[in-house]
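Letter by letter, the chains look like this.
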Amino acid sequence: MSRRKGLSHEEKRQKMMELFYERKDFFQLRELEKLGPKEKGVISQAVKDVVQSLVDDGMVDTEKIGTSVYFWAFPSKATNIRKRKLDDLTSRISDMDKRLKTSQSKVEQAKVGREEGEERSETLRRLKELEEKKESLGKEIQKYRDSDPEVLATMKESTKVAQAAVNRWTDNIFSIKSWCKNKFFIEEEVLNKQFDIPEDLDYI
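Overview of the structure. (Residues numbered from 1 in each chain as written. Predicted model: local features only at pLDDT ≥ 70, side-chain atom pairs only at ≥ 80, totals over all residues. Heavy atoms only, no water.)

## Regarding the overall build of the chain
Right, on to step 1. From N to C terminus, the chain includes 7 helices and 3 strands.
Right, on to step 2. Start at the N end of the chain and walk to the C end: the helices and strands fall as α-β-α-α-β-β-α-α-α-α.
Right, on to step 3. Relative to the compact-globule value of 17 Å for 204 residues, the chain shows a C-alpha radius of gyration of 43 Å, a clear excess of over 25%.
Right, on to step 4. Projected onto its principal axes, the C-alpha positions of the chain cover 100 × 80 × 50 Å.
Right, on to step 5. Across the 204 residues that make up the chain, the buried fraction comes to 17%.
Right, on to step 6. Within the chain, residue pairs in contact and separated by at least 24 positions form 51% of the contacts whose partners lie at least 6 positions apart.
Right, on to step 7. Accessible area for the chain stands at about 17100 Å²; split by element, carbon and sulfur atoms hold 54% of it. (Helix = DSSP H or I, 4+ residues; strand = E, 2+ residues; numbered from the N terminus. Rg over C-alpha atoms; globule rule 2.2 N^0.38 Å. Buried < 20%, exposed > 50% of the residue type's maximum accessible area, 1.4 Å probe, protein only. Contact = heavy atoms within 4.5 Å. Areas by Shrake-Rupley, 256 points an atom, 1.4 Å probe, with all protein chains shown as cover.)

The following block contains the structure:
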């Protein structure tokens, strides 16, 4: 004979809620741990976690009175919870319906003046031709960009700046080499080899 499958967590929650609704009373945890297995088939070891999950979800109320903690849940509260959820969903549906109607209205307004017709088709055809011509001219202009006086002037100025920078660093290298030779009496060939300095290094 096959072994009976245990209750899932959700089934245990449902069973414990049935217990609260049927009894309509206040319970301490130890009472629920006795009633759960006896009346609903929920093992006592699982009762605490199941009840706590119901408390966390707001389905079961709890209150500490003196040194004792009591739990309870009445059908009226469940009805109120369902009613609040229904009201909330109804409100959200109404809001979404308003937004949908607003969007549909904007779409209809945007269609005004865009009705299909011979004049519109001709305008769109002409627009496409002009866009293609613009793209073609842009490519043609790019071909002659290297001959553009402004581009050449910019390149010339950039070259001057780069040349000045190169010569400045070359001068710095010569100064450091001179200092090293005088300070440490190192031959120039040794310095060049040690620091990978070309023998023909010179100003541009």
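## Section: the pairing of strand S3 (residues 68–72)
Looking along a regular strand, one sees the side chains alternate between the two faces of the sheet.
Right, on to step 1. As paired strands, strand S1 (residues 27–28) and S3 are joined by 2 bridges and run antiparallel to one another. In the strand pairing of S3, glutamine 28 is matched with tyrosine 70.
Right, on to step 2. Bridge analysis of strand S2 (residues 61–65) against S3 gives 5 bridges, and the strand direction is antiparallel. Pairing of aspartate 61 across the sheet is with tryptophan 72, part of S3. (Pairing = 2+ DSSP bridges.)

## Remarks on the sheet that holds S1
Right, on to step 1. Judged by pairing direction, the sheet is antiparallel, and its 3 strands sit side by side in the order S1-S3-S2 without closing on themselves. Where the open sheet ends on each side, the last strands, each with one partner, are S1 and S2.

## Describing helix H6 (residues 149–184)
Right, on to step 1. In this model H6 runs 52 Å from its N-terminal to its C-terminal C-alpha over 36 residues, within 8% of the 52 Å that 1.5 Å per residue would give.
Right, on to step 2. Within the span of H6, buried status applies to Val151, Asn167, Thr170, Lys177 and Cys180.
Right, on to step 3. On its buried side, H6 packs onto helix H7 (188–194).
Right, on to step 4. At the exit of H6 stands phenylalanine 185, carrying a positive phi of roughly 55°. (Expected span 1.5 Å × (residues − 1).)

## Notes on the nonpolar core
Right, on to step 1. Core analysis: the largest hydrophobic core is formed by 17 residues, its most contacted members being Met16, Phe20, Leu32, Val51, Val60 and Phe71.
Right, on to step 2. The set of elements that each furnish at least two residues to this core consists of helix H1 (9–23), helix H2 (29–40) and helix H3 (44–56).
Right, on to step 3. Among the elements that take part in this core, H3 stands out by supplying 6 residues, more than any other.
Right, on to step 4. Aside from chain neighbours lying at most four places away, what touches phenylalanine 20 is Asp25, Phe27, Leu32, Val60, Phe71, Trp72 and Ala73. (Core = buried A, V, L, I, M, F, W, Y, C linked by side-chain atoms within 4.5 Å.)

## A word on the environment of glutamate 10
Right, on to step 1. With respect to the helices and strands, glutamate 10 occurs in helix H1.
Right, on to step 2. In this structure, the C-alpha to C-alpha distance between glutamate 10 and serine 94, residues 84 residues apart in sequence, is 32 Å.

## Quick look at the packing of H1 against H2
Right, on to step 1. The N-to-C vectors of H1 and H2 enclose an angle of 100°; their axes lie 10 Å apart at closest approach. Judged by the angle between their axes, H1 and H2 are roughly perpendicular. Between H1 and H2, the contacting residues are Lys15, Met16, Glu18, Leu19, Phe20, Glu22 and Arg23 on the first element and Leu32, Leu35, Gly36, Glu39 and Lys40 on the second.
Right, on to step 2. For the contact of H1 with H2, a count of residues per class yields 5 nonpolar, 1 polar and 6 charged. (Axes fitted to C-alpha atoms, helices over the stretch in contact; angles between N-to-C directions. Parallel < 35°, antiparallel > 145°, perpendicular 65-115°, else oblique. Nonpolar A, V, L, I, M, F, W, Y, C, P; charged D, E, K, R; others polar.)

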